[in-house]
Amino acid sequence: MTDKDKTEKKDGKERIPRQPMPEQDPKTRVGNFDEVPLGYTPETAILEAKRCIQCKKPGCVTGCPVDVDIPGFLQRVAEGDFLGAARKIKETNCLPAVCGRVCPQEDQCEKLCILGRKWDPVAIGRLERFVADYERQAGAVEVPETPAPTGKRIAVVGAGPAGLTIAGDLVKMGHEVTIFEALHKAGGVLIYGIPEFRLPKSIVDAEVEYLRRLGVKIVTDAAIGRLKTVDDLFAEGFHAVFLGVGAGAPVFMNIPGENFSGIYSANEYLTRSNLMKAYSFPEYDTPIARGRNVAVIGGGNVAMDSVRTALRLGAENAYIIYRRTKAEMPARAEEIHHAEEEGVQFKFLTNPIEYVGDEKGWVKRMVCQRMELGEPDESGRRRPVVIKGSEFTIDIDTVVVSVGTMANPVIPMTTPGLETNRWGYIVTKDETGETTRKGVWAGGDIVTGSATVILAMGAGRKAARAIHDYVMAM
Amino acid sequence: MHRITEKVVLSENIVKTVFEAPEIARKRRAGQFVILMIDEKGERIPLTIVDSDPVKGTLTIIYQVVGKTTDQLAQLGPGDVIGHVLGPLGHPTDVDGIGTAVCVGGGVGIGVLYPIARALKEKGTRVISIIGARTKKMLILEEESRGVSDELHVTTDDGSYGYHGFVSDVLRDLIASGTKIDRVFAIGPVPMMRVVSNVTRPHGIRTLVSLNPIMVDGTGMCGACRVTVGGKTKFTCVDGPEFDGHEVDFGLLTSRLQMYAEQEQLARDRCRCGNHDR
Ligand SMILES: Cc1cc2nc3c(=O)[nH]c(=O)nc-3n(C[C@H](O)[C@H](O)[C@H](O)COP(=O)(O)OP(=O)(O)OC[C@H]3O[C@@H](n4cnc5c(N)ncnc54)[C@H](O)[C@@H]3O)c2cc1C
Ligand SMILES: Cc1cc2nc3c(=O)[nH]c(=O)nc-3n(C[C@H](O)[C@H](O)[C@H](O)COP(=O)(O)OP(=O)(O)OC[C@H]3O[C@@H](n4cnc5c(N)ncnc54)[C@H](O)[C@@H]3O)c2cc1C
Ligand code: SF4
Ligand code: FES
């Protein structure tokens, strides 16, 4: 998103321009893992919120997957009532500090903001982030009274955005909620995948802590399907189960040499860096390869996060290797822009076909092919086609394969009656996420395949209502 | 939090630790492992569950002190805690319907092998165990192994105890003497598992090895633990840890285990230098 710093003018009337977001300077920030955008001040927030013309039929709201009352919260910001604004957002979105940072607003609310037709849309995401941070920093996050206990027990498997959302909703309805999380920390992709420089972990921790204060029980180190099955959960007296286990299994390309040392899945690379804090090795015990010449294969958000992590770990050359062109990249525009500013080198229309290792089995070179764009495929994007005889090599010492993820089969394998589709994702009967197994709901990436934080949250929210109705009718 | 209830030094650098993990203790089966993380700055490392007591709710692990984390673990005693324990992970060993099995264990691998030998014995399998160490004072679990074996052979590389030579030599002799063997389980250092697999290959004896690649999550999420078996990539934590020894690419496993050699050395030096207190 470009910020037009100059004053916008219409009919000779002065308009307030979209307020730019102050950011860490690119040269400085590649040397640290601190957050890149620094946030609005109260003054800029008010100025920006005043740009909203309070539409009668707000386009922005129709673009929001969880129907946040956007003009409602913007009005409160414009009036300087930041806590009121935060409460307004939280009526439908329980993780605004997260969403304000990672939602693709340019494809959602801001895309449909009326101002965007002639000028720049209102910076809804930045304001969402501002009010959530304001509320947290003011220590004003309130824990609502929970209603009388219903005596119903619900197990939530997976502590990603889907699981955290449904747990919050159900506990507020008076149910007893326990989250089972396989890793040692709650948060899902928010904690292990998305880097600190884009989403500080203290924010995720604060959200998880808030749920604990609401009364949600969180059991970490509990891999369902291994420690206990879904059947065991029912046997233990849970009345309903929600599966929000994400699409966490990495996809490799199955090309020769892909198992050489120095070649990571994006999941491993980011988990080492974010969850295990390998960037602080040896203060933290987990190591990570600090490559000089790092190639990241792929063009999505995960690839951008990986390549920017590589730079911060000291890479001299950090490449994005993508088989289509910039126009087809699925990553958020803002992230591509950040990566460019930081010096990432993009190699478009390029696809690796083989890795070459040294005598110690460490990757030292990749063989690539050049591509050109052909006819559009099912996704509507033009299909990359190999240019024959175009092979060339790039010297590299670290590779991060970021070409997607798939469903982890452990839960479906150990849960009789739970149907999956041909990609291994859980089949749901309706939009509440009810599965083919009685009493079991599912939502988030494990149903849709890799999607977004807000869609996972939306799925958790819808399932919460359905589970509430189900257990109350028991 | 998992409280340690017992710690025994079994040999020069091999330690046994017993700690509380009641749910895992009830559920685990032979061949499975846990991933543990001592504290919030720690690394997640995989260790085999050697034994469990479902009544007391404890697990037993036996490990060789090879680096930072195992060193730190070995410093902990009764009353200390291990922050995080995830498990039971991996497929349990298939111990059904095996007439005669030879269980070959080297070094700390004897500890990993012991629960498998015991499970086989409980299923009525005739168990021949061959256990070996570099030298006598590094040998572990001799009595325990004898207790679950119909026949026990002990070797040391330096001849300080038992047969002077390698476990694979004894296996070769057993095969040459016409002993009928239905399955071999080989667990120990990578070179040992490779040699054992080479010994049994010409005889077509199904040989299972338990692989020990570097892991992170242990749930199939990262792919750190990938190995090549029969030309295909497998994730040890979910597809293993046991694989057909005749199909495993041991060279790849060896090189991948070296991936962090430099950093591991740094972590060890730092740990012993007393610069940081834990
Ligand atoms: C690097 C990266 C960057 C991204 N960037 C963005 C972005 O900028 N904006 C955006 O909107 N989206 C982004 N996404 C996508 C977004 O993070 C996901 O769509 C979202 O997190 C899905 O939420 P979820 O709750 O379904 O699953 P996850 O967040 O994947 O959480 C699932 C949780 O379940 C746990 N689990 C799995 N199996 C078990 C089991 N058997 N027992 C117990 N627990 C289990 C996992 O450990 C995990 O904690 C990104 C994803 C990645 C990987
Ligand atoms: C399924 C499985 C079961 C295992 N069971 C046992 C056991 O019962 N007893 C035992 O002594 N050892 C076992 N191991 C090996 C044990 O995990 C490693 O020795 C341990 O992680 C070393 O950690 P460190 O910090 O002390 O040493 P480091 O200095 O980190 O490493 C020393 C060596 O250990 C290996 N290693 C390092 N990190 C890991 C890691 N995260 N995962 C696996 N290996 C690593 C590397 O080859 C390295 O060269 C098992 C491994 C696997 C995969
Ligand atoms: S569409 Fe834009 S101007 Fe209209 S209410 Fe929403 S944010 Fe305000
Ligand atoms: S340890 Fe991560 S996939 Fe096996």
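Residues numbered from 1 in each chain as written. Chains lettered and ligands numbered in written order. Predicted model: local features only at pLDDT ≥ 70, side-chain atom pairs only at ≥ 80, totals over all residues. Heavy atoms only, no water.

Participant: Please clarify how the overall build of chain B should be interpreted in this entry.
Facilitator: In terms of helices and strands, chain B carries nine helices and 17 strands. In terms of overall size, chain B behaves like a compact globule, its C-alpha atoms giving a radius of gyration of 18 Å where 278 residues would be expected to give roughly 19 Å. Burial status across chain B gives 59% buried among its 278 residues. Expressed as a percentage of contacts within chain B between residues at least 6 apart in sequence, the contacts between residues at least 24 apart total 64%. If you average the places of the 33 positive and of the 34 negative side-chain charges in chain B, the two averages end up 2 Å apart. (Helix = DSSP H or I, 4+ residues; strand = E, 2+ residues; numbered from the N terminus. Rg over C-alpha atoms; globule rule 2.2 N^0.38 Å. Buried < 20%, exposed > 50% of the residue type's maximum accessible area, 1.4 Å probe, protein only. Contact = heavy atoms within 4.5 Å. Lys, Arg positive; Asp, Glu negative; His and termini not counted. Charge placed at Lys NZ, Arg CZ, Asp CG, Glu CD.)

Participant: Help me understand the packing of aromatic side chains, please; the structure alone is not making it clear to me.
Facilitator: The description of an aromatic ring pair uses the distance of the two centres, along with the angle that the planes make with each other. Following the criterion strictly, the structure yields ten aromatic pairs over all chains and no others. When the centroid spacing of 6.4 Å and the interplanar angle of 85° are considered together, the rings of A:Phe252 and B:Phe235 count as edge-to-face. Taken as a pair, A:Phe252 in the loop between β7 (249–250) and β8 (263–265) and B:Phe235 in strand β16 (residues 232–235) lie in two separate chains rather than in one. Look at A:Phe252 and you get buried, because its relative accessible area is 13%. An angle of 55° between the planes, with centres 5.3 Å apart, marks the rings of A:Tyr264 and A:Tyr269 as tilted. Side by side, A:Tyr264 and A:Tyr269 carry an identical accessibility label, which is buried. Chaining the aromatic ring pairs together yields one cluster made of A:Phe33, A:Phe197 and A:Tyr279. The lysine or arginine in question, A:Lys90, covers the ring of A:Tyr210, its NZ or CZ lying 5.3 Å from the ring centre. (Phe/Tyr/Trp six-rings, centres within 6.5 Å; stacked < 30°, edge-to-face > 60°. Lys NZ or Arg CZ within 6 Å of the ring centre and 35° of its normal.)

Participant: Any chance you could explain the confidence of the model for chain A here in plain terms?
Facilitator: Close reading of the predicted structure is inappropriate where its pLDDT is low. For chain A, the average pLDDT comes to 93, and 97% of its residues sit at 70 or higher. The low-confidence segment residues 1–7 of chain A (pLDDT under 50) makes 22 contacts with residues lying over four places distant or belonging to another chain. (pLDDT = per-residue confidence, 0-100.)

Participant: It is not clear to me how the environment of B:Gly132 should be interpreted in this structure. Could you clarify?
Facilitator: Relative to the assigned elements, B:Gly132 resides in strand β10 (residues 126–133). Remark: the alpha-carbon pair of B:Gly132 and B:Thr156, spanning 24 residues in sequence, is separated by 5.5 Å.

Participant: Looking at this model, I keep getting lost on helix α4 (residues 70–78) of chain A. Mind explaining?
Facilitator: Residue pairs spaced three or four apart in an α-helix point in one direction, given the helix's 3.6 residues per turn. All names here are of chain A. Considered for burial, the residues of α4 that qualify are Ile70, Pro71, Gly72, Phe73, Leu74 and Val77. Where α4 is buried, its residues touch α2 (42–49), α3 (59–62), α5 (82–90) and α7 (124–137). For α4, the N-terminal cap is Asp69; the gap from its side-chain oxygen to the backbone nitrogen of Gly72 is 2.9 Å. Just downstream of α4 lies Gly80, where phi reads positive at about 85°. (Polar contact = N/O pair within 3.5 Å; in protein donor to acceptor, adjacent residues only side chain to side chain.)

Participant: Can you walk me through the nonpolar core in this structure?
Facilitator: Across soluble globular proteins, nonpolar side chains have a tendency to be buried as a group. A:Ile70, A:Phe73, A:Val77, A:Leu127 and A:Ile467 are the most contacted members of the largest nonpolar core, which has 80 residues in total. In terms of residue count, the dominant contributor to this core is helix α17 (residues 453–472) of chain A (nine residues). What A:Ile467 contacts, discounting residues up to four positions off in sequence, is A:Ile154, A:Ile166, A:Leu170, A:Ala240, A:Phe242 and A:Trp441. The next biggest cluster of nonpolar side chains, apart from the first, holds 40 residues, and it includes A:Phe180, B:Ile24, B:Ala25 and B:Ile38. (Core = buried A, V, L, I, M, F, W, Y, C linked by side-chain atoms within 4.5 Å.)

Participant: Can you help me understand the site of ligand 1 in this one?
Facilitator: Residue and element names in this part refer to chain A. For ligand 1, the set of nearby residues contains 33 residues, the closest of which are Val102, Glu181, Arg198, Ile224 and Asp445. Between ligand 1 and the protein, one listed contact pairs a nitrogen atom with a backbone N or O atom of Ile224 at 2.9 Å. At 2.8 Å from an oxygen atom of ligand 1 is found a main-chain nitrogen or oxygen belonging to Asp445. When contributions to the shell around ligand 1 are tallied by element, the ones reaching two or more residues are α8 (161–172), α13 (301–312) and α17. Ranked by residue count, the leading element in the shell around ligand 1 is α13, at three residues. Looking at the shell around ligand 1 residue by residue, the classes come out as 20 nonpolar, nine polar and four charged. (Near = heavy atom within 4 Å. Nonpolar A, V, L, I, M, F, W, Y, C, P; charged D, E, K, R; others polar.)

Participant: Would you explain the sheet that holds strand β7 (residues 81–82) of chain B in this entry?
Facilitator: Each strand in a sheet pairs with another by means of backbone hydrogen bonds, the pair being arranged parallel or else antiparallel. Residues and elements named next belong to chain B. The five strands lie next to each other as β5-β6-β2-β1-β7, forming an open sheet whose pairing is antiparallel. Of all the strands in the sheet, just β5 (51–53) and β7 have a single pairing partner and so form its edges. Where β5 and strand β6 (residues 58–64) come together, three bridges link them in antiparallel fashion. Bridge pairing links Asp51 to Thr60 in β6. Docked against the sheet, helix α2 (residues 68–75) engages β1 (2–11), β2 (14–20), β6 and β7, running at close to 125° with respect to β6. (Pairing = 2+ DSSP bridges. Axes fitted to C-alpha atoms, helices over the stretch in contact; angles between N-to-C directions.)

Participant: Would you explain the site of ligand 3 in this entry?
Facilitator: Near ligand 3 you find A:Cys52, A:Ile53, A:Cys55, A:Pro58, A:Gly59, A:Cys60, A:Pro71, A:Leu74, A:Cys113, A:Ile114, A:Val122 and A:Ile124, and these make up its full shell. In terms of residue class, the shell around ligand 3 is made up of eleven nonpolar, one polar and no charged.

Participant: Can you help me understand the side chain of B:Arg28 in this one?
Facilitator: Residue and element names in this part refer to chain B. Assignment of secondary structure puts Arg28 in the loop between α1 (22–27) and β3 (33–37). For the buried residue Arg28, which engages in no salt bridge, the nearest side chain bearing the opposite charge is Asp51, 4.3 Å off. There is a polar contact of 3.3 Å between the side chain of Arg28 and the side chain of Ser52. Excluding residues that lie within four positions of it along the chain, Arg28 makes contacts with Ile49, Val50, Asp51, Ser52, Leu59, Pro88 and Pro115. (Salt bridge = Lys/Arg side-chain N within 4 Å of Asp/Glu carboxyl O.)

Participant: Teacher, can you tell me more about the side chain of B:Thr219 here?
Facilitator: One can find B:Thr219 in the loop between β14 (206–210) and β15 (226–229). Setting aside chain neighbours within four positions, we find B:Thr219 in contact with A:Ala182, A:Asn408, B:Leu86, B:Cys237 and B:Val238.

Participant: Sorry, what's going on with the interface of chain A and chain B here?
Facilitator: Interfaces are often described in size by the accessible area the parts lose on coming together. Taken together, the contact pairs 44 residues of chain A with 44 residues of chain B. Together chain A and chain B conceal approximately 3700 Å² of surface at their shared face, both sides included; 54% is due to carbon and sulfur atoms. Considering only the surface of chain A that becomes buried against chain B, A:Arg226, A:Asn259 and A:Asp285 emerge as the three largest contributors, covering 21% of it. Summed over the shared surface of chain A and chain B, the result is four salt bridges. Here A:Glu283 ties to B:Lys41 by a salt bridge, and the two come within 2.7 Å at their closest N and O atoms. There are 21 residue pairs in polar contact (both at pLDDT 80 or more) connecting chain A and chain B. Of all elements in the fold, only β7, β8 and α12 (266–275) of chain A reach the threshold of two or more residues within the side of chain A that touches chain B. With four residues, the single largest contributor to the side of chain A that touches chain B is α12(A). In terms of residue class, the side of chain A that touches chain B is built from 20 nonpolar, 13 polar and eleven charged. (Buried area = accessible area lost by both parts, 1.4 Å probe.)

Participant: Which parts of the structure should I look at to understand empty space enclosed by the protein?
Facilitator: Here the idea is plain: a probe the size of a water molecule rolls over the atoms and shows the empty space left. All names here are of chain A. The tally for this structure, following the rule as stated, stands at seven cavities of 30 Å³ or more. Empty space within the largest cavity amounts to approximately 280 Å³. Contributing to the lining of the largest cavity are 22 residues, with Gly100, Arg101, Gln105, Arg332 and Glu334 lying nearest its centre. Secondary-structure elements contributing two or more residues to the lining of the largest cavity are α6 (96–102), α7 and α14 (333–342). Counted as a void, the second largest cavity has a volume near 120 Å³. Forming the boundary of the second largest cavity are 16 residues, of which Cys64, Val68, Cys103, Cys109 and Glu128 lie nearest the centre. A per-element tally of the lining of the second largest cavity places α7 first, with three residues. Class assignment for the residues of the lining of the second largest cavity results in ten nonpolar, five polar and one charged. (1 Å grid on protein atoms, 1.4 Å probe; cavity = no way out; pocket = protein on both sides within 12 Å on 5 of 7 lines; lining within 4 Å. Points joined across faces, edges and corners; volume = space filled by probe spheres on them.)

Participant: Looking at this structure, I do not really get unusual backbone geometry. What am I missing?
Facilitator: Negative phi is the rule for most residues except glycine; trans is the rule for most peptide bonds. For the bond running from A:Phe281 to A:Pro282, omega is 5°, close enough to zero to count as cis. Within the element layout of this structure, A:Pro282 appears in the loop between α12 and β9 (293–297). Here the bond from B:Gly87 into B:Pro88 is cis, since omega is -5°, no more than 30 degrees from zero. On the secondary structure map, B:Pro88 appears in strand β8 (residues 84–89). Residues other than glycine seldom take positive phi values, yet A:Asn254 does so here, at roughly 55°. Along the chain, A:Asn254 turns up in the loop between β7 and β8.

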